[in-house]
Amino acid sequence: MQPSDLGRDLEKVLIDEDAITAKVAELAAAIDRDYADRPVLLVGVLKGAVMIMADLARAMSLPVEMDWMAVSSYGSGTKSSGVVRILKDLDKDITGKHVLVVEDILDTGLTLSWLVRNLRSRGPASVQVCTFLRKPEAVKVDVPVAYLGFDIPNEFVVGYGLDYAERYRNLRVVGTLAPHVYGG
């Protein structure tokens, strides 16, 4: 989906498709370099990380294993509820593995902090985080990020996997919605 397909619903583009492609290549090269001597398990956080996870894995030169978790703290609103639920757990045992959590966005840090603690309790060799977006002004809990795509303003964003009420994930850019879309 192109920005022009949204008409009045898209207020502004924050990150265009070329910038996304360049950043994914940069992240993949850094991960390839850092994990050159050890196997890595990419753990994508559904549903938002689907785009970054797929593009990142394809841009990497190293063979990787992939698994998925689904956790939720949003529902259909634009603010985190603070309550984390596991909707889908990992299929693989991560004991002794080097785990790289691939996340779409670090907002308050509450969900990601909980997820990292949960994964560390399972006995992996290491747990690191790669997040495509981070909102520094919104962070309530410090979550160490090994690989960061972009810092963005504290605005509700959609596109490149991020949604509002399950829509706009397939937008090829990251942008903000016009207030009339969500009643803001």
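That block above? That's the structure.
Residues numbered from 1 in each chain as written. Predicted model: local features only at pLDDT ≥ 70, side-chain atom pairs only at ≥ 80, totals over all residues. Heavy atoms only, no water.

Trainee: Tell me about the sheet that holds strand E4 (residues 85-88), and please be specific about residues and values.
Mentor: What the six strands build is an open sheet, ordered E4-E3-E2-E5-E6-E7; its pairing is mixed. On the outer flanks of this sheet lie E4 and strand E7 (147-151), each paired with one strand and no other. With direction set aside, neighbouring strand axes in the sheet form an average angle of 30°. With four bridges connecting them, strand E6 (residues 126-134) and E7 associate as parallel partners. Residue pairing across strands places Cys-130 opposite Tyr-147, the latter belonging to E7. Here helix H1 (residues 17-34) sits on the sheet and contacts strand E5 (98-106), E6 and E7; the angle it forms with E7, its principal contact strand, is near 160°. (Pairing = 2+ DSSP bridges. Helix = DSSP H or I, 4+ residues; strand = E, 2+ residues; numbered from the N terminus. Axes fitted to C-alpha atoms, helices over the stretch in contact; angles between N-to-C directions. Contact = heavy atoms within 4.5 Å.)

Trainee: Account for the pairing of E5, with residues named and values stated.
Mentor: Taken across its nine residues, E5 has nine buried, putting it largely inside the fold. Bridging between E5 and E6 involves eight bridges; their strand directions are parallel. Residue pairing in the sheet places Val-101 in a bridge with Val-129 of E6. Handedness of the crossover joining E5 and E6 through helix H3 (residues 110-120): right-handed. (Buried < 20%, exposed > 50% of the residue type's maximum accessible area, 1.4 Å probe, protein only. Right-handed = clockwise from strand over helix to strand, strands pointing away.)

Trainee: Describe the pattern of salt bridges, and please don't skip the residues or the numbers.
Mentor: Taken as a whole and assessed by the stated rule, the structure comprises 16 salt bridges. A salt bridge links Glu-26 to Lys-23; the nearest nitrogen and oxygen atoms lie 3.2 Å apart. Highlighted residues: Glu-26 and Lys-23, both in helix H1, separated by three residues, approximately one helical turn. Overlapping salt bridges bring together Lys-47, Asp-163, Glu-166 and Arg-169 as one network. (Salt bridge = Lys/Arg side-chain N within 4 Å of Asp/Glu carboxyl O.)

Trainee: Give me the lowdown on helix H2 (residues 50-59), citing residues and values where you can.
Mentor: Turning to H2, its buried residues number three or more, namely Ile-52, Met-53, Leu-56 and Ala-57. Angular distribution of buried residues about the axis of H2 spans 120°; they occupy a single face of the element. The elements touched by buried residues of H2 are H1, strand E2 (40-46), strand E3 (65-72), E5 and E6. (Arc of directions from axis to C-beta.)

Trainee: Any chance you could break down the sheet that holds strand E8 (residues 157-158) for me, citing the residues and the numbers?
Mentor: Here three strands make up an open sheet; going across it, the order is E1-E9-E8 and the pairing antiparallel. A single partner strand is all that each edge strand has here, and the edge strands are strand E1 (10-15) and E8. Strand direction decides the pairing type here: E1 and strand E9 (residues 174-177), joined by four bridges, are antiparallel. In the sheet register, Val-13 faces E9, and the bridge partner there is Gly-175.

Trainee: Break down H1 for me, with residues and values.
Mentor: Taking 1.5 Å as the rise per residue, H1 with 18 residues should run 26 Å; its terminal C-alpha atoms sit 26 Å apart, in good agreement. Among the residues of H1, those classed as buried are Ile-20, Lys-23, Val-24, Leu-27, Ala-28, Ala-30, Ile-31 and Asp-32. Against the buried residues of H1 lie E1, H2, E5, E6, E7 and E9. At the N-terminal end of H1, a side-chain oxygen is found 3.2 Å from the backbone nitrogen of Asp-18, two or three residues along, and the residue is Asp-16. (Expected span 1.5 Å × (residues − 1). Polar contact = N/O pair within 3.5 Å; in protein donor to acceptor, adjacent residues only side chain to side chain.)

Any functional reading would require information beyond the geometric quantities listed.
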